[in-house]
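A closer look at the structure
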Amino acid sequence: MATYSNPETIVLHGGSHRADPNTGSVAVPIHQTTSFQFQDTGHAARLFGLAELGNIYTRIMNPTQDALETRITALEGGAAALAVASGQSATAFTVLNLTEPGDNIVSSTDLYGGTWNLFANTLKQMGVEVRFVDPADPEAFARATDARTRAYYAETLPNPKLQVFPIGEVAAIGRKLGVPLIMDNTAAPIICKPLQHGAAVVMHSTTKWIGGHGTSIGGIVVDGGNFDWEAGGDRFPTLNKPDPSYHGAVWTQAVKPLGPIAYILRMRTCLLRDLGAATSPFNAFMHIQGLETLPLRLERHCANAIKVAAHLAKHPAVTTVIHPSLQTGESKRRADAYLRGGYGSLIGFEVKSGVEGGKRFIDALKMFYHVANIGDARSLAIHPASTTHSQLSEEEQRASGVTPGYVRLSIGIEHIDDIIADLDQALAAAG
Ligand code: PLP
């Protein structure tokens, strides 16, 4: 398999797929099958015993999923990946793969609302405590760590605050204490490589920029292969103690002939097997299609966003604009340290006319879609307090940066003049 270092080439040629060996198909085929014929009983036994990795059943692996997984692994510079049904299941798996009841993780407060709910409520019901800390102070992660802390969790470019997470600082603290950093890199594919800055695991909601066309839900987890799970034996019982569901296998030992993939292999063979959050081959195909043009689209997303942020910043109907291109001080330093080639395409702003003005603005948009999504090729807008963050208390909303009049934009790849014209006419209606 040839390897490439440039993202523009990796998205087209990276990973396991070249031409299909049976048909010569250049596009990745959609292997819409539940199961795969074994060559003989010995082959079947080797696959089930993990003596050989191969396709058994699509809930656990599939060649279309594999093409997506190996390409995104190459893009992020990791060791191996697992594609799953949604970004939510990817996040849940990143934590559940390391935790048992009584354990905890330390998470940034700056999170997607769905992740906040998962952490504050569902994981709590499962006996896993999530300790939320302010990412402005990286040392807060150290202070919240104890012997049962299994991971740190954060988003690279979290909305609504859009302040880039101090990846290197927190990863270094974690490595000193033996705690891996898991990064949600959904909003910054290509422009940020968290593994290069010391993160151990990266996840994406592929639903967003990677899919890029608003058609399919999906998620992926990439194992950096750069964290020593064995060294922190007591801290990682799920990887270092015999697994009764796999004939007493100890994952850090069992994977030795296969490479540094204990974390992701256990996620596939235990969590995906048991919880079944598999992505369909069709959705994996859709996300490969999106991935192939991601670098080009992202360039336009980012360039348009910088222009929109500058335009809104001098607009008389707007009070505050949030975008890394406009930040100063420590926030700007972090944006420049961790992002390359753009500042992402999310923008937050507040209209002068408050909550009601914000609603009038949304209702007046003609080209922007009013939807609960981000990262579509089309421009999107939403009022988080009444939608994506509505299940949070007002206090929780404010802690995650959502004020009542805040509007979120996900800038698309349309012509910049048409984007600005739609915003201007809606701002005029907002009053
Ligand atoms: N992470 C981030 C940053 C998101 O914005 C989202 C969804 O909006 C998710 C995770 C969850 O992804 P999905 O909707 O694919 O489950």
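This is a predicted model, so every value here is computed, not measured. (Residues numbered from 1 in each chain as written. Predicted model: local features only at pLDDT ≥ 70, side-chain atom pairs only at ≥ 80, totals over all residues. Heavy atoms only, no water.)

For the chain, the assigned domains are domain 1 (7–289) and domain 2 (295–430). The C-alpha centroid of domain 2 is placed 29 Å from the C-alpha centroid of domain 1. On the domain 2 side, the residues contacting the 40 residues of domain 1 number 43 residues. Overall, the association of domain 1 and domain 2 removes approximately 3,200 Å² of surface from exposure, summing both partners, and the carbon and sulfur fraction of that is 59%. The largest share of the area that domain 1 buries against domain 2 comes from P160, I191 and W209, three residues that together contribute 24% of it. The interface formed by domain 1 and domain 2 includes 1 salt bridge. In this structure, R333 and E169 form a salt bridge, with 2.9 Å as the shortest nitrogen-oxygen distance. There are 15 residue pairs in polar contact (both at pLDDT 80 or more) connecting domain 1 and domain 2. Residue classes in the side of domain 1 that touches domain 2 are distributed as 22 nonpolar, 13 polar and 5 charged. (Domains from an automatic or database assignment. Contact = heavy atoms within 4.5 Å. Buried area = accessible area lost by both parts, 1.4 Å probe. Salt bridge = Lys/Arg side-chain N within 4 Å of Asp/Glu carboxyl O. Polar contact = N/O pair within 3.5 Å; in protein donor to acceptor, adjacent residues only side chain to side chain. Nonpolar A, V, L, I, M, F, W, Y, C, P; charged D, E, K, R; others polar.)

Close to the ligand lie 13 residues; Q88, D184, S205, T207 and K208 are nearest. Separating an oxygen atom of the ligand from a backbone N or O atom of G87 is a distance of 2.9 Å. Contact between the ligand and Q88: an oxygen atom at 2.9 Å from a main-chain N or O atom of the residue. Summarising the interface, the protein chains cover 90% of the accessible area of the ligand, which totals 390 Å² for the free molecule. Considering only residue class, the shell around the ligand consists of 3 nonpolar, 7 polar and 3 charged. (Near = heavy atom within 4 Å. Areas by Shrake-Rupley, 256 points an atom, 1.4 Å probe, with all protein chains shown as cover.)

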